[in-house]
Amino acid sequence: MSKKKIQAIRGMNDLLPEQSALWQYFEGTVRTLMKRYGYAEIRTPIVEQTALFARSIGEVTDIVEKEMYTFEDRNGDSLTLRPEGTASCVRAAMEHGLLHNQTQRLWYQGPMFRHERPQKGRYRQFHQVGLEAFGLDGPDIDAEVILLTARLWRELGLSEHVTLELNSLGSNEARIAYRDRLVAYFEQHRDQLDEDSLRRLSSNPLRILDSKNPDMAPMLNDAPKLMNHLDDASREHFEGLTALLEAAGIDYVINPRLVRGLDYYCRTVFEWTTSALGSQGTVCAGGRYDGLVEQLGGKPTPAVGFAMGIERLILLLETLALVPDAALDERDLYVLPMDDGATAEAMLIAERLRGELPGLRLQLHCGGGSFKSRIKKADRSGARLALLLGEDELAQGRATLKFLREERDQMSLAQDALAETLATLVNGERT
């Protein structure tokens with residue numbers, strides 16, 4: 001009786017070698033951009049105490065109620081695989097004293113976990129890039145965070161395919177007053193609310209505005225607008241933000257139904273959306289959360305941040321055919337000993353070239369075989385060039401350079417000239 005093969009958990013996917021090069025390109029672009037804007041990387045555990053997310057995200061949210069991977073460990077403690085990164089980042093910054101009378105600009109990337117229905121661009125294990133700025137309460141940091149994302153879109157070639165949507169949730173006090181007006185409006189239209197909305201009516205009515213139910217759209221469009229009930233300070237903050245964005249040439253639309261799905265947001269909220277991925281249109285979302293640090297036991301600390309899903313952005317790049325050649329995992333050179341007698345010398349030459357040309361993507365043939373099979377492996381490697389070393393080449397101190405992707409005559413080169421010739425050929429092709 002054969003044993004059943006063990007497969008990956010539904011919604012948790014393997015990242016295969018032919019995909020990883022594109023991920024590395026995206027992650028490298030983000031990492032470089034974060035350095036250019038003065039953000040330092042922070043890495044937190046993927047498992048946290050459940051209370052961290054219940055207190056920060058909100059007890060009555062889809063994430064806490066339906067989607068978290070929660071379990072008890074052997075000590076009986078309730079632990080959760082992190083469903084998002086902000087709460088963990090805040091916990092770490094508080095625990096290690098990073099917020100004591102100082103500003104911090106932090107970023108992170110890594111896997112998150114939510115038990116959702118898997119679909120294209122949305123998985124149960126997914127990966128996010130996140131950014132958090134602490135200790136700054138003006139609209140200038142909100143604007144710079146958005147400018148950073150806008151620059152990322154330009155560098156990825158996505159600027160023409162995304163739209164910035166803005167709203168303000170105001171202060172807690174203004175939001176409470178608005179909440180009463182909103183509940184009264186929904187009560188008047190109770191017969192039009194779906195099951196989820198009825199459940200949220202008493203616990204989190206603002207989330208009803210975020211409903212994607214098309215049958216409710218006309219009623220939601222006529223609902224009271226939070227923007228019309230902002231406190232003066234929040235209105236001034238929002239006007240300051242929009243003025244800075246306009247000065248920087250960043251287009252935006254105000255979306256009065258944009259409330260975000262997490263309880264800790266206040267004042268500025270924003271999303272970058274696209275129409276190229278169907279219903280999965282949000283590629284980056286964030287905003288201000290001035291009360292979260294205090295909510296988790298720290299001193300009042302203004303903060304703003306965002307998160308973007310890597311899978312969805314990778315899908316967008318692929319859908320729009322914006323994957324650059326730099327994101328392809330191509331090899332430059334395949335070093336091929338033509339027989340077993342040349343293996344040792346080929347290995348030494350490969351090592352010398354790796355030392356002299358650190359950027360060279362080189363693969364050494366291993367595993368023996370006939371000359372015909374070795375050439376086939378060189379071709380299947382994807383390398384542009386093959387360096388052939390046989391008995392004659394070794395006796396003469398030379399090597400044969402064969403072009404695998406071009407109709408060009410092969411070259412016989414002195415071994416001490418290999419690095420110079422390869423540098424010219426490889427760098428000339430990349431530029």
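Named according to an unreviewed UniProt entry, the protein chain is Histidine--tRNA ligase originating from Billgrantia pellis. Listed in UniProt under the heading Subcellular location (unreviewed entry), the comment for the protein chain reads: "Cytoplasm". What UniProt records for the protein chain under Subunit (unreviewed entry) is the sentence "Homodimer."

Trainee: Just to check I follow, could you spell out the sheet that holds strand 15 (residues 398–403) for this structure?
Mentor: In any sheet, the strands associate via hydrogen bonds between backbone groups, in a parallel or an antiparallel arrangement. Strand order across the open sheet formed by 5 strands is 13-12-14-15-16, with mixed pairing between neighbours. Single-partner strands in this sheet number two, and they are strand 13 (362–364) and strand 16 (411–414). With direction set aside, neighbouring strand axes in the sheet form an average angle of 25°. By the bridge criterion, 4 bridges tie strand 15 to strand 16 in an arrangement that is antiparallel. Following the sheet pairing, Thr-400 is matched in strand 16 by Ser-412. Most of the contacts of helix 12 (residues 343–356) go to strand 13, to which it runs at about 165°, and overall it touches strand 12 (333–337), strand 13 and strand 14 (385–389). On top of the sheet, helix 13 (residues 371–380) reaches strand 12 and strand 14; it is set at about 170° to strand 12, its chief contact.

Trainee: Where do I start with the packing of helix 1 (residues 17–36) against helix 5 (residues 139–156) in this structure?
Mentor: Packed helices, taken two at a time, are described by their axes: the angle between them and the distance between them. Here helix 1 crosses helix 5 at 140°, and the two axes come no closer than 11 Å. By the angle class used here, helix 1 and helix 5 are oblique. As for how helix 1 packs across helix 5, the hand of that crossing is right-handed. Contacts from Tyr-25, Phe-26, Thr-29, Val-30, Leu-33, Met-34 and Arg-36 in helix 1 reach Leu-148, Arg-151, Leu-152, Glu-155 and Leu-156 in helix 5. In terms of residue class, the contact of helix 1 with helix 5 is made up of 8 nonpolar, 1 polar and 3 charged.

Trainee: Looking at this model, I keep getting lost on the domain arrangement of the protein chain. Mind explaining?
Mentor: One widely used convention gives an interface's size as the accessible area the parts lose upon coming together. When cut into domains, the protein chain gives domain 1 (17–171 + 230–320) and domain 2 (329–428). A separation of 46 Å is found between the C-alpha centroids of domain 1 and domain 2.

Trainee: How should I be thinking about the sheet that holds strand 2 (residues 47–49) in this particular structure?
Mentor: Here 3 strands make up an open sheet; going across it, the order is 2-4-3 and the pairing antiparallel. Lying at the two open borders of the sheet, with one neighbouring strand each, are strand 2 and strand 3 (70–72). Between one strand axis and the next, the sheet turns through 35° on average, direction left out of account. Sheet topology note: the strand 2/strand 4 (residues 78–81) ladder contains 3 bridges and is antiparallel. Bridging across to strand 4, Val-47 finds its partner in Leu-81. Docked against the sheet, helix 2 (residues 50–57) engages strand 2, strand 3 and strand 4, running at close to 75° with respect to strand 2.

Trainee: I'm lost on the pattern of salt bridges in this one. Help?
Mentor: Under the defined criterion, the tally for this structure stands at 16 salt bridges. Ionic pairing is found between Glu-144 and Arg-105, a salt bridge with its closest N-O pair at 2.8 Å. Residue Glu-144 is located in helix 5, and its partner Arg-105 is located in strand 5 (residues 104–113); the two are separated by 39 residues in the primary sequence. For Arg-105, a relative accessible area of 29% translates into the label partly exposed. Residue Glu-406 pairs with Arg-408 through a salt bridge whose shortest N-O separation is 3.7 Å. Salt bridges linked by common partners bring Glu-48, Arg-91 and Glu-95 together as one network.

Thresholds, definitions, all that
- Residues numbered from 1 in each chain as written.
- Predicted model: local features only at pLDDT ≥ 70, side-chain atom pairs only at ≥ 80, totals over all residues.
- Heavy atoms only, no water.
- UniProt positions renumbered as here; feature names shortened; annotations may be inferred.
- Pairing = 2+ DSSP bridges.
- Helix = DSSP H or I, 4+ residues; strand = E, 2+ residues; numbered from the N terminus.
- Axes fitted to C-alpha atoms, helices over the stretch in contact; angles between N-to-C directions.
- Contact = heavy atoms within 4.5 Å.
- Parallel < 35°, antiparallel > 145°, perpendicular 65-115°, else oblique.
- Left-handed = near helix turned anticlockwise from the far one by under 90°.
- Nonpolar A, V, L, I, M, F, W, Y, C, P; charged D, E, K, R; others polar.
- Domains from an automatic or database assignment.
- Salt bridge = Lys/Arg side-chain N within 4 Å of Asp/Glu carboxyl O.
- Buried < 20%, exposed > 50% of the residue type's maximum accessible area, 1.4 Å probe, protein only.

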